[in-house]
Amino acid sequence: MFRAPIRRMATAARQSLKIGLIPADGIGKEVIPAAKKVLEAIGSDIPKPEFVPLLAGWEVFQRTGSALPEETVEALKECDGALFGAVSSPTRRVTGYSSPIVALRKELDLYANVRPVVSVAANPGDKPAIDLVVVRENTECLYVKQEQIVATENGREARATRLITESASRRIGKMAFELALGRPRKQVTIIHKSNVLSLTDGLFRETVRAVPRLAEVNGRYDSVKIEEQIVDSAVYRLFREPQIYDVMVAPNLYGDILSDAAAALVGSLGLVPSVNASDNFVMGEPVHGSAPDIEGKGIANPLAAIRSSALMLRFLGYSAPADRIDRAVDQVIREGEVLTPDLGGKSSTQDVLDAVLKKL
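The name an unreviewed UniProt entry gives the chain is Homoisocitrate dehydrogenase, with Lentinus brumalis as the organism. According to the UniProt record, the Cofactor (unreviewed entry) comment for the chain reads "Mg(2+)". Recorded in UniProt under Sequence similarities (unreviewed entry), the annotation for the chain is "Belongs to the isocitrate and isopropylmalate dehydrogenases family."

Observations regarding helix 9 (residues 303–316)
Along an α-helix, a turn takes 3.6 residues, which lines up residues three or four apart on a common side. The first and last C-alpha atoms of helix 9 sit 20 Å apart over 14 residues, in line with the 20 Å expected at 1.5 Å per residue. Burial analysis of helix 9 places 14 of its 14 residues in the buried class, the great majority of the element. Positioned one or two residues after helix 9, G317 has a phi angle of 105°, which is positive.

Notes on the pairing of strand 4 (residues 112–118)
Buried residues dominate strand 4, accounting for six of its seven residues. Alignment of strand 4 against strand 5 (residues 131–137), held across seven bridges, turns out to be antiparallel. Across the sheet, V114 pairs through a bridge with V135, a residue of strand 5. Pairing analysis gives three bridges linking strand 4 to strand 11 (residues 275–277), with the strands arranged antiparallel. Bridge pairing links V114 to V275 in strand 11.

Structural notes on the domain arrangement of the chain
Taken as a whole, the chain is organised into domain 1 (13–109 + 280–359) and domain 2 (131–265). A separation of 25 Å is found between the C-alpha centroids of domain 1 and domain 2. The interface of domain 1 with domain 2 comprises eight residues on the first partner and ten residues on the second. Buried area between domain 1 and domain 2, both sides added, is near 720 Å², and the carbon and sulfur share of it is 48%. Considering only the side of domain 1, the residues that lose the most area to domain 2 are R105, K106 and D109, jointly responsible for 57% of the buried surface there. A salt bridge links D109 to R171; the nearest nitrogen and oxygen atoms lie 2.7 Å apart. At the junction of domain 1 with domain 2, the criterion picks out three residue pairs in polar contact (both at pLDDT 80 or more). Ranked by the residues each element gives to the side of domain 1 that touches domain 2, the list is headed by helix 4 (residues 100–107), at three residues. Of the residues that constitute the side of domain 1 that touches domain 2, the class distribution is three nonpolar, two polar and three charged.

Quick look at the pattern of salt bridges
Side-chain pairs of opposite charge can arise whenever the charged atoms involved come near each other. Following the criterion strictly, the structure yields 26 salt bridges and no others. Note that E166 and R170 form a salt bridge whose closest N and O atoms lie 3.5 Å from each other. Pair noted here: E166 and R170 are both in helix 5 (residues 166–181), with a separation of four residues, about one helical turn. On the basis of relative accessible area, E166 is assigned to the partly exposed category, the value being 44%. Between D326 and R314 there is a salt bridge, with the nearest N and O atoms lying 2.7 Å from each other. You can see D326 sitting in helix 10 (residues 319–335) and its partner R314 sitting in helix 9, a full twelve residues away along the chain. Connected through shared salt-bridge partners, R115, R136, D256 and D260 make up one network.

Calculation rules
- Residues numbered from 1 in each chain as written.
- Predicted model: local features only at pLDDT ≥ 70, side-chain atom pairs only at ≥ 80, totals over all residues.
- Heavy atoms only, no water.
- UniProt positions renumbered as here; feature names shortened; annotations may be inferred.
- Helix = DSSP H or I, 4+ residues; strand = E, 2+ residues; numbered from the N terminus.
- Expected span 1.5 Å × (residues − 1).
- Buried < 20%, exposed > 50% of the residue type's maximum accessible area, 1.4 Å probe, protein only.
- Pairing = 2+ DSSP bridges.
- Domains from an automatic or database assignment.
- Contact = heavy atoms within 4.5 Å.
- Buried area = accessible area lost by both parts, 1.4 Å probe.
- Salt bridge = Lys/Arg side-chain N within 4 Å of Asp/Glu carboxyl O.
- Polar contact = N/O pair within 3.5 Å; in protein donor to acceptor, adjacent residues only side chain to side chain.
- Nonpolar A, V, L, I, M, F, W, Y, C, P; charged D, E, K, R; others polar.

Quick look at the structure:
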């Protein structure tokens with residue numbers, strides 16, 4: 001897949017790996033326990049995992065008035081990494097409520113959301129037809145949530161502030177180039193709409209393009225090819241010719257949409273993992289949502305959460321066990337005998353977990 005920039009070096013001397021578990025809402029409560037079982041099954045390839053159960057989400061807000069308890073944030077600061085399930089944020093405005101995953105990204109400065117989208121090759125060792133990574137800036141854009149309603153003579157107007165800064169664009173650009181260095185094609189495509197949003201997207205585009213020329217980089221990214229694409233054209237080409245992309249880097253909103261769209265290319269949101277990363281912390285998060293329509297039915301696809309646990313390990317420096325997990329998942333998908341309904345199968349969450357555990 002790629003060589004991840006290691007947030008915290010893996011060492012043989014480490015006695016345990018402290019991992020926060022935040023199932024949150026909906027099927028998060030079903031898929032995060034599955035990922036936990038896989039990490040426990042890895043054995044001596046990683047330090048003994050120590051799991052810390054933590055609370056967040058809409059259901060917690062309804063009980064306590066806080067979607068992200070301060071205790072959860074403080075506990076995560078003492079962890080080596082974390083896994084987050086899914087959140088059921090309401091579509092209507094609710095006084096006092098704010099998405100806990102958005103808040104966590106800000107509280108822990110998890111500025112990069114890294115989402116690999118990889119198809120499973122027909123035979124082990126073959127090159128996958130689709131192999132790309134969406135690198136999404138995680139802290140800015142319209143997700144700063146600065147909105148207001150203004151009354152005018154023609155009725156109400158809703159306005160939102162879009163924030164793009166040079167510093168955030170630079171560091172997400174460096175993350176994208178660093179990831180591209182570890183991939184065979186070594187290509188970064190900058191996604192923007194600077195033909196219309198010339199100031200905000202223009203700043204993002206210019207800043208990311210300038211990353212290889214930074215003095216501190218000292219020529220490190222000279223081997224990486226830079227492309228760029230207008231966002232609407234990028235979506236079109238993503239479906240027509242996904243093979244042209246390697247590492248795509250985008251502002252928050254575009255990255256969110258692109259990565260969900262790309263999941264359709266590999267069969268299901270239930271297959272696509274991600275991590276939210278800072279320079280010293282990483283939190284795995286399956287790309288799918290809380291799926292309230294299947295909550296409690298025992299048919300949620302756990303593979304995205306399991307892959308997210310592998311991606312978390314990769315960012316922590318444990319590449320070999322991450323490879324073991326990815327190979328096991330790929331084998332289950334390739335065989336096609338134990339699949340949840342989102343992939344056309346009839347198997348349960350537990351069935352799929354058991355199949356993965358047997359392949360480890």
